[in-house]
Amino acid sequence: MVRMKSLALLAAPIGVALVVWSCDPQRSAVAPIIGTPLAHFHEFQCTPFKMTGGGRIDYPPGTAEKNPPASHRYETFGAHVMDQDGDCVADQGALEWVDHRPEMRVNGQPLNLHATEVTFAEVATDADCRDGAVHWGGKLRVQNTGQEGVDFVVWDCDDGEPGVSDGFAIAVDLVVNGEFYAVTCPESHAEPTCTLTGGNRQFHPTH
Amino acid sequence: MRIDTFRGAIRLLGLVLPMTLVASSAQSQMRAASRAEAYGVSVSTPTVNQKSPYAVLPTGEAMSTDQGQGVSIAGLVTAHDLFAIVTGDADPVDGSNAVSSATLGAVQLLNGLITADGVVAIASSTVGDNAVGSNAEGSSLGNVVVGGVEVSDPAPNTRMDLPGVGYVILHELRPTGDGVTTSGLTVNMIHVVLQQPILGLLGQVIGYKTVGNIIVGSATSSVTR
């Protein structure tokens, strides 16, 4: 009887640990290949960091000039990502993306993408971004349709304060209007990121 | 005697100085703050109190969102495609930031007295070693018509009277903070102030009192070092 109790005492924590392990999302540091930058964001480093903020992009063309407000040719977003351990695996992350362009409406609403999981996060060492550049991504849900588990990647640039030349770009494994959805700007100083027309991205190197 | 006094002073400094440093560090860590809030429509009258969609940055979190396909408050406001997104981070080491945005599609106020199509309110605040400040970059109003008059790209704090109703402030900016350790900004793209006349003894109008507010497209951000 005592032996049985000892065995149970030994087995219980192992069982709990196994259950916790099985529930923990098995994140991967491997970035899916969606969209390919030409000259930047090719060299990466695994180091602790955090990137926060949000804002507006007027794409196309994605320059620092706003499009006419009534054209609805802009995108707004909020996004953050953190790699605490410097292993290129995201410990936290979130993305909310809204594309207000009339041609991007899905089911009568602006295209709305919501990250459900952020998996990888790596610091780019070859991007022209004064304070820091990050490549990260994971899975998202298309809020308009409920479609889940869609791969996405983001290129993220903090080019100093107050954020007027910061950049952001996104590519999603999702076909909208017959093409893979992407908001990328090959002509920008931190290609493929598009320049923010409002808001701010802030790189925190010590997290 | 002098040496003993000197040694005593050193001992005292050795005890007190680390405590001061710890207290100062703890104080700066406690003070760093980031605040962000955004909403699509807010109506505040004696009979209606509503704010939707509404996002507030929770303490210790980095993002919050809310959205609505449409908002309709009879006789006061209708709006479509509403999104509120707030982000921020309180970081005493690398600096704090907060960004909030509210976006709307077609908007109609007071049975068509004011219309707009495409409202964006963005407030952004940053505090760090190199910068302290807030701005409303990215905010815009599309196709605004007030009382039949088209208002193209209104300047900040453009005020227009609405006879019999009150007045409207377009692209309203309300800065906060001291610009050194704190900075903040509220952007209200359309702010209608509902007023009623105050009558004198002889029935003449001697002033106006505010009886309500309608705000469309509001974003607030603030940070503390």
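None of the values given here were measured: they were computed from a predicted structure.

Draft legend 1. A look at the sheet that holds strand 11 (residues 158-162) of chain B. Residue and element names in this part refer to chain B. Spatially, the six strands line up as an open sheet ordered 2-1-14-13-12-11, and their pairing is antiparallel. Looking at which strands have only one partner, the edges of the open sheet turn out to be strand 2 (49-56) and strand 11. The mean inter-strand angle of the sheet, taken between neighbouring strand axes irrespective of direction, is 25°. Here strand 1 (residues 33-44) pairs with strand 14 (residues 205-224) via eleven bridges, running antiparallel. Pairing of Ala33 across the sheet is with Thr224, part of strand 14.

Draft legend 2. Quick peek at the pairing of strand 14 of chain B. All names here are of chain B. Two elements, strand 13 (residues 182-199) and strand 14, share 17 bridges in a ladder whose sense is antiparallel. Counted as the bridge partner of Leu185 is Ser221 from strand 14. Two successive antiparallel strands, strand 13 and strand 14, enclose a turn made up of five residues, where Gly203 displays a positive phi of approximately 85°.

Draft legend 3. Molecular detail of the interface of chain B and chain A. Taken together, the contacts link 37 residues of chain B with 32 residues of chain A. Within the residue set of the side of chain B that touches chain A, elements represented by two or more residues are strand 3 (63-73), strand 4 (77-89), strand 5 (96-109), strand 6 (114-127), strand 7 (132-135) and strand 8 (140-141) of chain B. Looking at which element gives the most residues to the side of chain B that touches chain A, the answer is strand 4 of chain B, with seven residues. Classifying every residue of the side of chain B that touches chain A by side-chain character gives eleven nonpolar, 20 polar and six charged.

Draft legend 4. Broad picture of the confidence of the model for chain A. Looking at chain A, the pLDDT average stands at 88 and 81% of residues meet or exceed 70. A low-confidence stretch, residues 19-23 of chain A stays under pLDDT 50, and its non-local contacts, those more than four residues away or across chains, total zero contacts.

Parameters and conventions
- Residues numbered from 1 in each chain as written.
- Chains lettered and ligands numbered in written order.
- Predicted model: local features only at pLDDT ≥ 70, side-chain atom pairs only at ≥ 80, totals over all residues.
- Pairing = 2+ DSSP bridges.
- Helix = DSSP H or I, 4+ residues; strand = E, 2+ residues; numbered from the N terminus.
- Axes fitted to C-alpha atoms, helices over the stretch in contact; angles between N-to-C directions.
- Contact = placed C-beta atoms within 7 Å.
- Nonpolar A, V, L, I, M, F, W, Y, C, P; charged D, E, K, R; others polar.
- pLDDT = per-residue confidence, 0-100.

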